[in-house]
Structures are given as C-alpha cells and as structure tokens.
Amino acid sequence: MSTSPATPAKPSMRDSLVAAAFELFLERGYEQTTVDDIVRTAGVGRRSFFRYFPSKEDVVFPDHEQSLADMTEFLAASADADDPLVRVCDATRLVMRMYAENPTFSVQRYRLTREVTGLRTYELSVVWRYEKIIGDYLRTRFADRRDGTLRANVVAAAVVAAHNHALRHWLRSGGEGDPLAEVDRALEFVRETWSPDVPAPVEEDDDVVVVITRRSTPMWRVVREVESSLGEG
C-alpha cells in the first residue's frame, strides 16, 4: 500500500509577510520597497500587515519581541540559589539559538542592516532592551552589595558585548560553523572575569605592641623596650 507524501504546512500570514518583504528587499533594496509592495507580493491587505508589524522596520526583526519575552520569563523563573552570572549567560544563549534556527535569514538580515542606517539604529534599540532586561535582573540579585548597581550595569553590558561579538563573527562567516560554541567561548570569558569574588586568604594578625613612654626618653631605650616586649631582647 503506497502512501502519499505529507503536504507541507502552509506558512502563516506573518511568515508570508516576512518572506515577501525580504524577497523585495533583496531584489529592489530596502528603501525602494514600500509596505504596499510587501502586501501586494504576499497577497494580503495593508490591515493584515499592520496587525503583525507596526512598521516596515519591524518586519526586518520579526523574532525579537518573542525572544525578549522568553528572556524575561527565563530570568523571572530564576531561583535564589542560582548563580546570577550563570543565569544571564544561559538567558543570552536563548537569543543565539533564535538566530541559529534560521541561518539564511539571519545572514540576510545582517547584511541588510549593514547597508541601511535606519535599521542599524533600530537594531541598537533592540540590543539596549536586551541589556536592560539583564541589568534589571542583576540589580535585584546584587541588591545587597555595596557596588550592586555598578556591578549589574557593567556585567550586563559585558554579557551583551560578548554575545554580539560571537554573533557578528558567525554572521560575517555567512552562518558557517557552530554559533552556540562561539557564544559559549565568549560568555566563558565574561564568567571568568566577573565570577563572584574569591575571599582573600586569612592571614594571622601581627602582634601589636603599645609602648607608653615620656617624650624625652632616648630612642635607643624605646627600641629596647619594644624588643623586650617581643622577646627579642
């Protein structure tokens, strides 16, 4: 008995709009493509477009809102016993996995944002939102430290910088290699740099000798009294 191959699932309207947008961006250029062009190619109306995307810029970054929500939820589920630095590094890996799920799209978007100044500005605003989520979590976890706010802000910036360093390296290679291994190496550097302080070894306190003498007492006598107190005379 023969079986017919399964029919591929029809793309969602949201996915169809993204596919149509990037088809036109690559063919005509971002600036030359309008929302009307996108909806015409996708075969839907303008109202459908704005139901999913507030602007043309948003269709370039269709996955970040969900990724930001996933990161927020992941950090909110952290237990008190969790190492906060390990937790934020694990949260950052979620973002890299999002990019790695569709290397072709990620590389196309990277090349597009390198060409369009407005998209680079938009991308920076998204990066700031990731950093804020991480910083807010760390400020809560470091609240009992005197340097808690400073440490939280610096660590958040370092984690985001490490992630972006690994991400750009992978995207510049055309999506070749293992992006998760790249980000693990970068985040390990952050962990080694900003892991909790190791207590300094406790040294035995030196003996303190207090000598009370007259101002006119010769120094040689003061020294002798000190040596006598220490058993060195």
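Residue numbers run consecutively from 1 along every chain, following the written order of its sequence. The predicted origin of the model limits local features to residues at a pLDDT of at least 70 and limits the giving and counting of side-chain atom pairs to 80 or more, whereas totals for whole chains, interfaces and linings rest on all residues. Each side-chain value is worked out from all heavy atoms of the structure, with water and hydrogens disregarded.

**Student:** For this particular structure, what's the right way to read the confidence of the model for the protein chain?
**Tutor:** Caution applies to low-pLDDT parts of the model: their predicted coordinates are not meant to be read in detail. Within the protein chain, residue pLDDT values average 86, and 79% of them lie at 70 or more. Below pLDDT 50 for its whole length, residues 198-204 participates in zero contacts with residues either more than four positions away or in separate chains. What pLDDT expresses is the predictor's confidence in each residue, scored from 0 to 100. What makes two residues a contact is simply this: any of their non-hydrogen atoms within 4.5 Å.

**Student:** What is the right way to look at the packing of helix H9 (residues 148-172) against helix H10 (residues 179-194) in this model?
**Tutor:** Relative placement of two packed helices is described by the angle separating their axes and the distance separating the axes. At their nearest, the axes of H9 and H10 sit 8 Å apart, and the two run at 155 degrees to each other. Taken together, the axes of H9 and H10 lie roughly antiparallel to each other. In this structure, H9 meets H10 at a crossing whose hand is right-handed. Across the interface between the two elements, Arg151, Val154, Val155, Ala158, Val159, Ala162, His163, Ala166, His169 and Trp170 of H9 pack against Pro179, Glu182, Val183, Ala186, Leu187, Val190 and Trp194 of H10. The residue classification treats Ala, Val, Leu, Ile, Met, Phe, Trp, Tyr, Cys and Pro as nonpolar and Asp, Glu, Lys and Arg as charged. All others, Gly included, are polar. Here the residues of the contact of H9 with H10 are counted per class, giving 13 nonpolar, two polar and two charged. Interaxial angle, 0 to 180 degrees, is taken between N-to-C directions of lines fitted to C-alpha atoms, where a helix line uses only the stretch in contact. Only DSSP runs of H or I covering at least 4 residues are called helices, and only runs of E covering at least 2 are called strands; the numbering of each starts at the N terminus. In these notes the angle categories are as follows: under 35 degrees is roughly parallel, over 145 is roughly antiparallel, 65 to 115 is roughly perpendicular, and the rest is oblique. Should the near helix be turned anticlockwise from the far one by less than a right angle, the crossing is left-handed, and should it be turned clockwise, the crossing is right-handed.

**Student:** What should I look at first to understand the nonpolar core in this one?
**Tutor:** One recurring pattern in soluble globular proteins is that nonpolar side chains are buried together. For this analysis, a nonpolar core means a set of buried residues of the types Ala, Val, Leu, Ile, Met, Phe, Trp, Tyr and Cys, connected via side-chain atoms within 4.5 Å. Think of it in three bands: residues with accessible area under 20% of the maximum for their type are buried, residues over 50% are exposed, and the middle band is partly exposed, with areas taken using a 1.4 Å probe on protein chains only. Among the nonpolar cores identified, the biggest contains 34 residues, and Met71, Val88, Ile134, Leu138 and Val159 are the most heavily contacted of them. Broken down by secondary-structure element, the contributors of at least two residues to this core are helix H5 (64-76), helix H6 (84-100), helix H7 (103-115), helix H8 (117-141), H9 and H10. Examining the composition of this core, we find that ten residues originate from one element, H9, more than from any other.

**Student:** Looking at this structure, I do not really get the pattern of salt bridges. What am I missing?
**Tutor:** Once their charged atoms are close, side chains differing in charge can pair, the charge on each being opposite to the other. Counted as salt bridges are all cases of a side-chain nitrogen of Lys or Arg within 4 Å of a carboxyl oxygen of Asp or Glu. Scanning the entire structure with this criterion turns up 14 salt bridges. For the salt bridge of Arg139 with Asp136, the shortest nitrogen-to-oxygen distance reads 2.4 Å. On the criterion of helical spacing, the pair formed by Arg139 and Asp136 is a turn pair, its members being three residues apart in helix H8. For Arg151, the salt bridge goes to Asp147, with nearest N and O atoms at 3.6 Å. Ionic contacts of the salt-bridge type, sharing partners, join the residues Arg28, Asp37 and Arg40 into one network.

**Student:** I'm lost on H5 in this one. Help?
**Tutor:** Each α-helix winds once per 3.6 residues, and so residues spaced three or four apart point in a common direction. Here H5 is 13 residues long and its end C-alpha atoms lie 18 Å apart, about the 18 Å a rise of 1.5 Å per residue gives. Taken as a whole, H5 has its buried residues at His64, Ser67, Leu68, Met71 and Leu75. Angular distribution of buried residues about the axis of H5 spans 100 degrees; they occupy a single face of the element. Relative to its buried face, H5 has exposed residues pointing more than 90 degrees away, namely Glu73 and Ala76. Summarising the contacts, the buried residues of H5 are in contact with H6, H7 and H8. Working rule for helices: expected span equals 1.5 Å times residues minus one. The arc in question is traced by the directions running from the helix axis to the C-beta atoms.

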